[in-house]
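Overview (structure and organization)
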Amino acid sequence: MNTHDAGPAGGAPPAGPEYRVAHLQDRLASGELGELGVHAEVRGGAVLVTGTVPSARCRDEVLAVVREELGGLDVHTDVVVSESSSPDHAEELS
Amino acid sequence: MIRVAAVGDIHMGPDTRGVLRPAFDTLPDCADVLLLAGDLTRHGTTDEARVVADEIRGLGVPVVAVLGNHDHHDDRQDEVSGLLRDAGAHVLEGEATVLSVGDARVGVAGTKGFGGGFVGASAGEFGEPVMKEFVRVSRRCADGLRTALERLAEEDCDVRIALTHYSPVPETLAGEPPEIYPFLGSYLLAEAIDTAGADLAVHGHAHAGSEHGMTTGGVKVRNVAQPVIGRAFHVYHLPLRERVGADAGTPAG
């Protein structure tokens, strides 16, 4: 049975993982974090969150928001901190 | 040969104070100039800009920067630029600077740039005022870059570099979702680079992109966003063009 219009008017909004992922991206970008470099996508039955952030504290903050926004979903995270070492070689441009 | 160090998207704030300085202190041994390709702060606050300023002050190599979209977020871009200039950086927006490296003259033209997309999938100056303004901003940035590069051509530079935050080409965005390419760069920047000429184009902004690309006109493009290069900076060795003509090298005027 199609339940598209089964809910009461003014009831809870649909909570499919796609919308929740979109809301997560919105919150990461526009909130205090200002984080545009973390990408979340629905893959199979889970959500994959990837990206590189400037500090361990920033990563902790991102992961806390992910837990809040995607609670109850199967989430895999791979958020790493930027590498700040000197390069070990140069590129020769012709 | 000119040794160009470059990085973008360092997104500094109080919690990353001093993180890049040990690597930056090695610059005089491996580079002649450091280019900063925008998004130097997280939110564009003056507190964050002071962290960046301290990180680059007294480095021993000249520093040339453009701002990124993050550096505009707090609407204090002029103050951010001022703090970086106080620390010795050249901050460019539709402008150029010429640096002396030994006997060579290195010209850098810079703009933040903006979005709009690439050939075949680009925004047009049509419809709602906000849509038209979006495209006009991108066009103004590209025009500023072209004018600055043309000025460098008149100033007898041995090497000319285009420095932007947004990307001039789609190749260096590979890895990002194609749907967001129009928010990551504009072909107008590449057209400006190819029209005026340059030896290298450097940009940031696309954290999940790729390092290497090229404009239609054959100018090498490098995405130096820190998450892409995985280092505090990358170094590119640029050959000096041979001067042609008996009086080449004589300063004009």
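About the thresholds
Residues numbered from 1 in each chain as written. Chains lettered and ligands numbered in written order. Predicted model: local features only at pLDDT ≥ 70, side-chain atom pairs only at ≥ 80, totals over all residues. Heavy atoms only, no water. Helix = DSSP H or I, 4+ residues; strand = E, 2+ residues; numbered from the N terminus. Buried < 20%, exposed > 50% of the residue type's maximum accessible area, 1.4 Å probe, protein only. Contact = heavy atoms within 4.5 Å. Areas by Shrake-Rupley, 256 points an atom, 1.4 Å probe, with all protein chains shown as cover. UniProt positions renumbered as here; feature names shortened; annotations may be inferred. 1 Å grid on protein atoms, 1.4 Å probe; cavity = no way out; pocket = protein on both sides within 12 Å on 5 of 7 lines; lining within 4 Å. Points joined across faces, edges and corners; volume = space filled by probe spheres on them. Nonpolar A, V, L, I, M, F, W, Y, C, P; charged D, E, K, R; others polar.

The name that an unreviewed UniProt entry assigns to chain B is Calcineurin-like phosphoesterase, with the source organism given as Streptomyces gancidicus BKS 13-15.

For chain A, an unreviewed UniProt entry supplies the name BON domain-containing protein and the organism Streptomyces pseudogriseolus.

Details of the overall build of chain A
Secondary structure summary: chain A contains 2 helices and 4 strands in total. Put simply, chain A runs from its N terminus to its C terminus through helices and strands in the order α-β-β-α-β-β. Among the 94 residues that make up chain A, the fraction classed as buried is 30%. Counting contacts in chain A only where the partners sit at least 6 residues apart, residues at least 24 apart contribute 56% of the total. Of the accessible surface of chain A, which amounts to about 5800 Å², a share of 51% is contributed by carbon and sulfur atoms.

Describing the UniProt feature "domain: Calcineurin-like phosphoesterase" (unreviewed entry) in chain B
According to UniProt, the feature "domain: Calcineurin-like phosphoesterase" (unreviewed entry) maps to residues 2-208 of chain B in the numbering used here. Helix and strand shares over residues 2-208 of chain B are 31% and 22% respectively, and the end C-alpha atoms of the span are 28 Å apart.

Here we look at the layout of surface pockets
Empty space within the largest pocket amounts to approximately 770 Å³. In terms of lining residues, the largest pocket is bounded by 32 residues, among which A:L36, A:G37, B:E176, B:I180 and B:L184 are the most central. For the lining of the largest pocket, the secondary-structure elements that each account for two or more residues are helix 1 (17-30), strand 1 (38-43), strand 2 (46-53) and strand 3 (75-81) of chain A. A class-by-class count of the residues in the lining of the largest pocket yields 16 nonpolar, 12 polar and 4 charged. Of the voids in this model, the second largest pocket is the one considered here, and its volume is about 280 Å³. Lining of the second largest pocket is provided by 13 residues; of these, A:E32, A:R57, A:E61, B:R42 and B:H43 occupy positions nearest its centre. It is helix 2 (residues 56-69) of chain A that contributes the most residues to the lining of the second largest pocket, 3 residues altogether. Classifying every residue of the lining of the second largest pocket gives 3 nonpolar, 3 polar and 7 charged.

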